[in-house]
There are 2 protein chains.
Amino acid sequence: MVDTDTRKRRGGGRAGAAARRGKAVIEQMPWRLPVNTDRPTEPLPPEGVEAIHDGAMRILEEIGVAFYNEEALALFREAGCSVDGEIVRMGRDWVMEMVAKAPREFTLTPRNPDRTLRIGGNVILFGNVSSPPNYWDMEIGRKVPGNREQCRNLLKLTQYFNCIHFAGGYPVEPVDIHASVRHLDVLYDKLTISDKVMHAYSLGKERVEDVMEMVRIAGGLSDEEFEATPRMYTNINSTSPLKHDHPMIDGCLRLARRGQAIVVTPFTLAGAMAPVTMAGAVAQSLAEALCAIALFQYVRPGIPCVIGTFTSNVDMKSGAPAFGTPEYMRATQMTGQMARFYGLPVRSSGVCAANVPDGQAMWETSNSLWAAVQSGTNMVYHAAGWLEGGLIASPEKFIMDCEVLQQIQRYMEPATYATTPDDIALEAIRAVGNDGHFFGIQHTQDRYTTAFYQPFLSDWKNYEGWEAAGAIWTPERAHHLFKEIIGSFEAPEMDEGIREELADFVARRKAEGGAPTDF
Amino acid sequence: MVDTDTRKRRGGGRAGAAARRGKAVIEQMPWRLPVNTDRPTEPLPPEGVEAIHDGAMRILEEIGVAFYNEEALALFREAGCSVDGEIVRMGRDWVMEMVAKAPREFTLTPRNPDRTLRIGGNVILFGNVSSPPNYWDMEIGRKVPGNREQCRNLLKLTQYFNCIHFAGGYPVEPVDIHASVRHLDVLYDKLTISDKVMHAYSLGKERVEDVMEMVRIAGGLSDEEFEATPRMYTNINSTSPLKHDHPMIDGCLRLARRGQAIVVTPFTLAGAMAPVTMAGAVAQSLAEALCAIALFQYVRPGIPCVIGTFTSNVDMKSGAPAFGTPEYMRATQMTGQMARFYGLPVRSSGVCAANVPDGQAMWETSNSLWAAVQSGTNMVYHAAGWLEGGLIASPEKFIMDCEVLQQIQRYMEPATYATTPDDIALEAIRAVGNDGHFFGIQHTQDRYTTAFYQPFLSDWKNYEGWEAAGAIWTPERAHHLFKEIIGSFEAPEMDEGIREELADFVARRKAEGGAPTDF
């Protein structure tokens, strides 16, 4: 574990204080950057890696990728790539030379430095669900368009749970806020509710610049300080097959020039926007990601870039996207293997197709989360709260997912497989012999309270105990916890002057009309 | 995949006919022996393997294991082990010499040879839930003691699903049948409802002998034919810590002498019957299993033996057993790693602590099933239908689990990560270019129907479609399927003469009083 909590160092720190405040509702695991020491599951033999790499390179060399962004086209031309209308073709030597400039590992430092993240290596980090237009909870009992209050509540969960390391996009799209100023209100909410690493949507220069400015203000930073090290990130999708749209590239270039981090995540749905064969869908995804990363490295060598995977398959019957499938798992593993080949950190997701937080939701989500672990993923997007293929955010699902994430965090702890003499416990076994039990002995007493994962949502009572407690199924238990957490939530500390500066910035930019909405 | 379905060979076979009959309710994956090509997740460094091995050996050398079985004690004495009352101590050289006689791989041939299993290597096989005393389904809506009808229905699911490879113990204990004759009625049901590999409880010589005889009759075999190759198996638990009870060892010796297979599965619950530290619980489990396997190899060198793991942890708050936890996963992986060190096939389980088939049930079960995959497990016990730590069997859970098992089976198929030129699909990507989609192209059309896993229970409709179809949550969908499968179930073929012989055997043994119940 990499422990960036500084309680020991300075008697608590902000993360420590937040953890203490949260104690009233549940006992959760401490803030940690889990280290994944499992050898990744690598389905590809060396010739498989070579085949996918060659496929991705031939896509870039022979077929090309469309960039609907004049600035990008000029840069590619300048770099010596072949630009034919919007189609850019590039040689593998240049692509590999550029991609090699990206760091294998970097940090992201939010306004609370105790929440600094290490991206890359064998650290695995989790973020909240991002961008569903709709919301579902057990009280409402149906799918409704998202609003600001729901968005705020999900941001509170994002902040509350120590197993959530970074804030993704809006945890639900607050459609009750006009699109021109939505980013201002939500970023104000995000920055005041959470002190974790922030994200900016690449949806036009005004939004990107506003968010960077707000993150700078919230951190109490000068421009120079903001740019000195990555403070935030964006995540873009290509428009598969083989297209990058204007605002995404524009946003990335703006972040790159100010030293901020970029995640490039093609959404290559096999059988729809990509070949029906998983290796083909992965090759296309890699091509789409690598050409953008090469561009960003050309513009700003060494800028932190993460290669994302969002390769899944469609339902053979309806063409609808499916998630957390066996094919999804293999695509994630293959992409992880290829990301190591390219020396880039990798992002995957926690996903499902289920519409409600039931058994299907959890086997699909478990499949995708264990695939993240197996693939050596560094950033797990949508790790908590996702339903209906990303069209619904749910607080119950959020809390259920956090129980799974905590289990993964615990699974990573070397204590679970340590083999010191104390762990082998020969003397304890000798003391108990053939006719006793281990409940009362000193070896057990000394380790009992920390020996095992302690759930906050799983109900381990027997049936009779569970029945006596109301026979409550998992989503309803999660709903109760949701209400309690929101009811007792305390926002992390923020300097009053900074809060006012943020509010003033929002007011000023609203008065100016916010961002255009004709994109 | 190892395909033991002989449809191509002789136009269908019995498994083929059964698959066709089942087609009316769901389209399921074909009968296969899935091959797990993933490199196992091995948490132990070489010195960790050595530490656990040394711990297990020192337990056997210094502490010893109690065998409450005179015959076993005499055999150990004969073999030169130290026998002090019931406590047997044995040197590691002898243990390792005996264990080395066990085959790394063997077959189990049931009455339908198309259902022959290969146990060991990298084949992973699944069995139904075994031995819960209670039953829960959505119609009853509460926990009730099991009965014969429920047991028969769960056996029909065992037979129906191609992803279930072997029958475990009674899928629910039919307490409406007197214990003295229960084994006769249930084995009659099992053998007539299913043609898959059968299990015998080691609960007294009459039961074991009766079951062996019934399996022999059902297979139409002479005694010599029955004994020529393993036809069935037993699974025993030690009584942790460090005890083997009379009937289990007796049953195993009877099976061993007739060439049948033995699974030895200690139930070492860390913090209760084993050390609170997982490596200690694993070392103790290995010691308990290896001493029994050594005995069986001494009696009958080369007899098929499987090392089982059932190491989990207790709830720190209540002392209740927990399942599918992070510690459970690591214990399973460590045991798999040790089993390969000893050259033995390994058995683990699909387990959960949840009381109803909800989200918790599925994340706990997913954790345990993926741990089975990661550990290189060969036989997955309780893979479908288990609730409440094994105290409840549920048909809805059975069907939900089968959806997960099918996904694991599909995940194992090399097609999911193949990288031939057809898979990389460069020409398809070229044909679609930057501005099309892959739905209609020939490459997709040629592969569409078999490219992806097709679920039978997961609902991949969008929310509106799901709502229009009744907004049915997973367990209720599973319940409907359960009713349909049971309603249209057709038993596999059985020669009428054999059926009569079985019935006559049951009648005769009942007239003789069955088995004693004072064990």
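The following paragraphs examine the structure supplied in this document. If you're wondering where the values come from, they're calculated on a predicted model, not measured in any experiment.

### As for the overall build of chain A
And then number 1: When helices and strands are counted, chain A shows 20 helices and 20 strands.
And then number 2: At 23 Å, chain A has a C-alpha radius of gyration in line with the 24 Å of a compact globule built from 519 residues.
And then number 3: Overall size of chain A, expressed as C-alpha extent along the three principal axes, is 80 × 60 × 50 Å.
And then number 4: In chain A, buried positions account for 68% of the 519 residues.
And then number 5: The long-range share in chain A, meaning contacts at least 24 apart out of those at least 6 apart in sequence, stands at 76%.
And then number 6: Here chain A carries 51 positive and 66 negative side-chain charges, and the mean point of each set is 2 Å from the other.

### Observations concerning the interface of chain B and chain A
And then number 1: Facing 121 residues of chain B, the contacting portion of chain A comprises 121 residues.
And then number 2: Roughly 10,200 Å² is buried in total at the junction of chain B and chain A, and carbon and sulfur atoms are behind 62% of that figure.
And then number 3: Contact with chain A buries surface across chain B, with Met316(B), Trp363(B) and Trp460(B) losing the most and accounting together for 9% of the total.
And then number 4: At the surface where chain B touches chain A, the tally comes to eight salt bridges.
And then number 5: Measuring nitrogen to oxygen at the nearest pair gives 2.7 Å for the salt bridge that ties Arg430(B) to Glu62(A).
And then number 6: The biggest single contributor to the side of chain B that touches chain A is helix 13 (residues 359-375) of chain B, with nine residues.
And then number 7: Residue composition of the side of chain B that touches chain A, grouped by class: 59 nonpolar, 35 polar and 27 charged.

### Quick look at the relation of the copies chain B and chain A
And then number 1: Laying chain B over chain A is done by rotating through 180 degrees and shifting 0.0 Å along the axis; what remains is an RMSD of 0.0 Å. With respect to symmetry, the two chain copies, as superposed, fit the operation of a two-fold axis. Using C-alpha coordinates, one finds that chain B approaches the rotation axis most closely at Gly359(B), a distance of 2.2 Å.
And then number 2: Of all interface residues in chain B, 100% are interface residues in chain A too; the two copies therefore contact each other through one and the same surface.

### Structural notes on the environment of Gln406(A)
Residues and elements named next belong to chain A.
And then number 1: For Gln406, the location among the structural elements is in helix 14 (residues 395-412).
And then number 2: Gln406 gets classed as buried once you look at its relative accessible area, which sits at 0%.
And then number 3: Sequence separation of Gln406 and Met29 is 377 residues, and the distance between their C-alpha atoms is 6.9 Å.

### A short note on the sheet that holds strand 20 (residues 392-393) of chain A
All names here are of chain A.
And then number 1: In spatial order, the strands read 8-7-20-19; together these four strands make up an open sheet with mixed pairing. One side of each edge strand has no neighbouring strand; the edge strands of this open sheet are strand 8 (144-145) and strand 19 (386-387).
And then number 2: Looking at chain direction, strand 7 (residues 134-135) and strand 8 are connected through two bridges and run antiparallel. Each residue of the ladder has a partner; that of Tyr135, found in strand 8, is Val144.

### Some thoughts on unusual backbone geometry
Residue and element names in this part refer to chain A.
And then number 1: Of note, the amide linkage connecting Ser240 to Pro241 takes the cis form, showing an omega dihedral of 5 degrees.
And then number 2: Looking at the element boundaries, Pro241 is found in the loop between strand 10 (232-236) and strand 11 (243-244).
And then number 3: Backbone geometry places Ala471, a non-glycine residue, at a positive phi of 55 degrees.
And then number 4: Residue position: Ala471 is located in the loop between helix 18 (463-468) and helix 19 (474-487).
And then number 5: A relative accessible area of 28% places Ala471 in the partly exposed class.

### Structural notes on the pattern of salt bridges
Pairing between side chains becomes possible if they bear opposite charge and their charged atoms approach one another.
Residues and elements named next belong to chain A.
And then number 1: A complete count under the given rule lists 68 salt bridges over all chains for this structure.
And then number 2: Across the pair Arg216 and Glu213 runs a salt bridge whose closest N-O atoms are separated by 2.7 Å. Here Glu213 and Arg216 lie together in helix 8 (residues 205-218), a separation of three residues that amounts to about one turn.
And then number 3: Overall, the relative accessible area of 13% leaves Arg216 in the buried class.
And then number 4: Linked by salt bridges that have partners in common, Arg148, Arg152, Asp185, Asp189 and Lys510 make up one network.

### Here's the deal with the nonpolar core
And then number 1: In terms of nonpolar packing, the biggest core is built from 180 residues, with Phe161(A), Ile399(A), Phe161(B) and Ile399(B) touching the most fellow members.
And then number 2: Examining the composition of this core, we find that nine residues originate from one element, helix 14 of chain A, more than from any other.
And then number 3: Once you skip the residues sitting within four places of it in the chain, Phe161(B) turns out to touch Ile26(B), Gln28(B), Lys196(B), Phe398(B), Ile399(B), Cys402(B), Phe456(B) and Ile485(B).
And then number 4: Within the second largest apolar cluster, 75 residues are counted, among which are Ala56(B), Phe67(B), Ala281(B) and Leu286(B).

### A few points about the pairing of strand 14 (residues 305-308) of chain A
Residue and element names in this part refer to chain A.
And then number 1: Residues Cys305 and Ile307 of strand 14 are buried on one face, and the alternating residues Val306 and Gly308, pointing to the opposite face, are buried as well.
And then number 2: When strand 12 (residues 261-264) meets strand 14, the two strands line up parallel, connected through three bridges. Residue Val263 lies in a different strand from strand 14, and its bridge partner there is Val306.
And then number 3: Bridge count for strand 14 against strand 17 (residues 346-349) is two bridges, and the pairing is parallel. Residue pairing for strand 17: Ile307 is matched across the bridge by Val346.

### Looking at the packing of helix 5 (residues 92-99) of chain A against helix 11 (residues 278-299) of chain A
All names here are of chain A.
And then number 1: Where helix 5 contacts helix 11, the axes come no closer than 8 Å and their chain directions differ by 65 degrees. In the packing of helix 5 onto helix 11, the handedness of the crossing is left-handed. Contacts from Trp94, Val95, Met98 and Val99 in helix 5 reach Leu290, Ile293, Ala294, Leu295, Gln297 and Tyr298 in helix 11.
And then number 2: For the contact of helix 5 with helix 11, the class distribution of residues is nine nonpolar, one polar and no charged.

Rules used throughout
- Residues numbered from 1 in each chain as written.
- Chains lettered and ligands numbered in written order.
- Predicted model: local features only at pLDDT ≥ 70, side-chain atom pairs only at ≥ 80, totals over all residues.
- Heavy atoms only, no water.
- Helix = DSSP H or I, 4+ residues; strand = E, 2+ residues; numbered from the N terminus.
- Rg over C-alpha atoms; globule rule 2.2 N^0.38 Å.
- Buried < 20%, exposed > 50% of the residue type's maximum accessible area, 1.4 Å probe, protein only.
- Contact = heavy atoms within 4.5 Å.
- Lys, Arg positive; Asp, Glu negative; His and termini not counted.
- Charge placed at Lys NZ, Arg CZ, Asp CG, Glu CD.
- Buried area = accessible area lost by both parts, 1.4 Å probe.
- Salt bridge = Lys/Arg side-chain N within 4 Å of Asp/Glu carboxyl O.
- Nonpolar A, V, L, I, M, F, W, Y, C, P; charged D, E, K, R; others polar.
- Least-squares fit on C-alpha atoms with pLDDT ≥ 70 in both.
- Pairing = 2+ DSSP bridges.
- Core = buried A, V, L, I, M, F, W, Y, C linked by side-chain atoms within 4.5 Å.
- Axes fitted to C-alpha atoms, helices over the stretch in contact; angles between N-to-C directions.
- Left-handed = near helix turned anticlockwise from the far one by under 90°.

The analysis is restricted to geometry; functional conclusions fall outside its scope.
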